[in-house]
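# Chains, contacts and geometry: an overview
In case you want the letters, here they are:
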Amino acid sequence: MTTNFSNQAIEYDPRTIKRAKRALSCSPFCLKLFQEMRNQSVPIQQIAGATGLKLGYATLALSEPKTEDKLVWLINVGLLRREVDGQGLTDSFRLTPLGRNIVAEWEQEREEIPPASLIDRIYNRLNHWL
């Protein structure tokens, strides 16, 4: 998978792409959240709890700390980044170029995040834990 970013092509290792797709499939978040993150930063307060369910961003109402843990894992695999303002990091998140590529691919294929298999969930949990 190649991404053009600032007139430079970014080539991703197939293992990186596979790990990122697996992490996204195993996450409790919906494609709608990542579509929003492509265009603007989304604050954690809109993702966590009942608000995340109401907005169609999550499949589960998670506490803010649990939501942050899940989002930080997606940062670690290269899908998201924290938004930065003039005073430093914020509580908002955006897609990275890799995240944009995966979201665009899944929009074209199925308009949803594909469900993770049991083996994908095991691999994701091991990667997250290690």
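Everything that follows concerns the structure shown earlier in this document.
The following paragraphs examine the structure supplied in this document. (Residues numbered from 1 in each chain as written. Predicted model: local features only at pLDDT ≥ 70, side-chain atom pairs only at ≥ 80, totals over all residues. Heavy atoms only, no water.)

## Considering the overall build of the protein
Looking only at helices and strands, the protein has 7 helices and 5 strands in total. The helix and strand sequence of the protein, counted from the amino end, reads β-β-α-α-β-α-α-α-β-β-α-α. For the protein, the C-alpha radius of gyration of 14 Å lies close to 14 Å, the compact-globule estimate for 130 residues. The buried share of the protein, taken over its 130 residues, is 39%. Contacts in the protein between residues at least 24 apart in sequence constitute 58% of all its contacts with a sequence separation of at least 6. When the accessible surface of the protein is summed, it comes to about 7600 Å², and 51% of that surface belongs to carbon and sulfur atoms. (Helix = DSSP H or I, 4+ residues; strand = E, 2+ residues; numbered from the N terminus. Rg over C-alpha atoms; globule rule 2.2 N^0.38 Å. Buried < 20%, exposed > 50% of the residue type's maximum accessible area, 1.4 Å probe, protein only. Contact = heavy atoms within 4.5 Å. Areas by Shrake-Rupley, 256 points an atom, 1.4 Å probe, with all protein chains shown as cover.)

## Observations concerning the sheet that holds strand β3 (residues 42–43)
Pairing in this open sheet of 3 strands is antiparallel, and the strands run β3-β5-β4 from one edge to the other. The sheet is open, and its two edges are formed by β3 and β4 (80–85), each paired on a single side. Where β3 meets strand β5 (residues 88–95), 2 bridges bridge the pair, whose relative direction is antiparallel. Note that in β5 the partner of P43 across the bridge is S92. Packing of helix α5 (residues 64–76) onto the sheet brings it into contact with β4 and β5, and relative to β4 it is tilted by some 105 degrees. (Pairing = 2+ DSSP bridges. Axes fitted to C-alpha atoms, helices over the stretch in contact; angles between N-to-C directions.)

## Considering the packing of aromatic side chains
Applying the stated criterion across every chain, the model contains 1 aromatic pair. When the centroid spacing of 6.3 Å and the interplanar angle of 80 degrees are considered together, the rings of F29 and F34 count as edge-to-face. In this structure, F29 and F34 share a single accessibility class: buried. (Phe/Tyr/Trp six-rings, centres within 6.5 Å; stacked < 30°, edge-to-face > 60°.)

## Re the packing of α5 against helix α7 (residues 118–129)
Running from amino to carboxyl end, α5 crosses α7 at an angle of 90 degrees, the nearest separation of the two axes being 11 Å. Comparing their axes, α7 and α5 come out roughly perpendicular. Facing D69, K70 and W73 of α5, the residues of α7 in contact are N124, R125, N127 and H128. Tallied by class, the residues present in the contact of α5 with α7 amount to 1 nonpolar, 3 polar and 3 charged. (Parallel < 35°, antiparallel > 145°, perpendicular 65-115°, else oblique. Nonpolar A, V, L, I, M, F, W, Y, C, P; charged D, E, K, R; others polar.)

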